[in-house]
Amino acid sequence: MIHPTALIDDSAELADDVIIGPYCVIGADVKIAKGCELKSHVVIGPYTELGEHNVIYPFACLGEAPQDKKFSDEKTYLKIGDNNTIREYVTMNRGTVDDRKVTEVGDDNWIMAYVHIAHDCVVGDHTIMANGTTLAGHVHVGDYVILGGFTKVHQFCRIGAHAFTAMDTAMQKDVPPFVMAHGSPAKPRAINFEGLKRRGFSKERIRAIKKAYKSIYQSELNLTDALVLMEDLMVDYEDVGMMVDFIKASKRSIIR
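In this text, all values refer to a predicted model and were calculated from it rather than measured experimentally.

## Some details on the packing of aromatic side chains
Scanning the entire structure with this criterion turns up five aromatic pairs. Centre to centre, the rings of F59 and Y89 are 5.2 Å apart; their planes meet at 10 degrees, and the pair counts as stacked. Residue F59 is found in the loop between strand 9 (55-56) and strand 10 (61-64), and its partner Y89 is found in the loop between strand 12 (85-86) and strand 13 (91-93); the two are separated by 30 residues along the sequence. With relative accessibility at 38%, the residue Y89 sits in the partly exposed group. Measuring from centroid to centroid gives 4.8 Å for Y213 and Y217, while their planes differ by 45 degrees, and the two rings are tilted. Here the residue Y213 and the residue Y217 both occupy positions in helix 2 (residues 203-217), the gap between them amounting to four residues, near one helical turn. In this pair, the class of Y213 matches that of Y217, namely buried. Chaining the aromatic ring pairs together yields one cluster made of F59, Y89 and Y114. Its guanidinium or amino end placed over the ring of F246, R158 lies 3.9 Å from that ring's centre, counting from NZ or CZ.

Parameters at a glance
Residues numbered from 1 in each chain as written. Predicted model: local features only at pLDDT ≥ 70, side-chain atom pairs only at ≥ 80, totals over all residues. Heavy atoms only, no water. Phe/Tyr/Trp six-rings, centres within 6.5 Å; stacked < 30°, edge-to-face > 60°. Helix = DSSP H or I, 4+ residues; strand = E, 2+ residues; numbered from the N terminus. Buried < 20%, exposed > 50% of the residue type's maximum accessible area, 1.4 Å probe, protein only. Lys NZ or Arg CZ within 6 Å of the ring centre and 35° of its normal.

Function-wise, these values are silent; they only describe arrangement.
Right, dumping it as structure tokens:
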């Protein structure tokens, strides 16, 4: 299942059923689990681990050195989970010793053409990143996040689960869970109603999330007082608790 034009380092570990297409290059100490397919011209840098059933399209480059001037060829990693679709010209860099040493991408993600995931990023499960999305270093992306085309995320920003960004959004601060954002710089627009409905959220859960959103963004309360109101709601609604925990942990502050 390996095309004769592919170049594979002797130290790489490939499952028996892996498909490696023409002109792929597999670096040192790479691990590729069962069911993966590299279409053609894919480059996998050293210390990269691919889980099961990932499909990598032509000219993707995964696991090369981070774009960080402090990097001195230390042993750092890229770990990718299962069932991801990674389209043409996607780039993902390894981590750095200044942070986690590893860049991590979870399961069941749809990563479209020209997406860049920089060093030390953490991407959850079931995300969609449209063409040209760019994550700077140390960005954290929660589960079920959708990032519209050419979304740009500043380093160290966090995006909460089920959040959504419109096309060409530029993020300089954190986006709480369930929030839709748009603009440059990003501004909150609403909660991600349609996404929550598609994922089976009940009307009661959505109402609670909407009430929490209004406390933050549509009242005259400062953030501290809004959190007090939300803490009353979180007793009965775990989703609101997720929002409260996210906001309290924010180091860059949230979009307002």
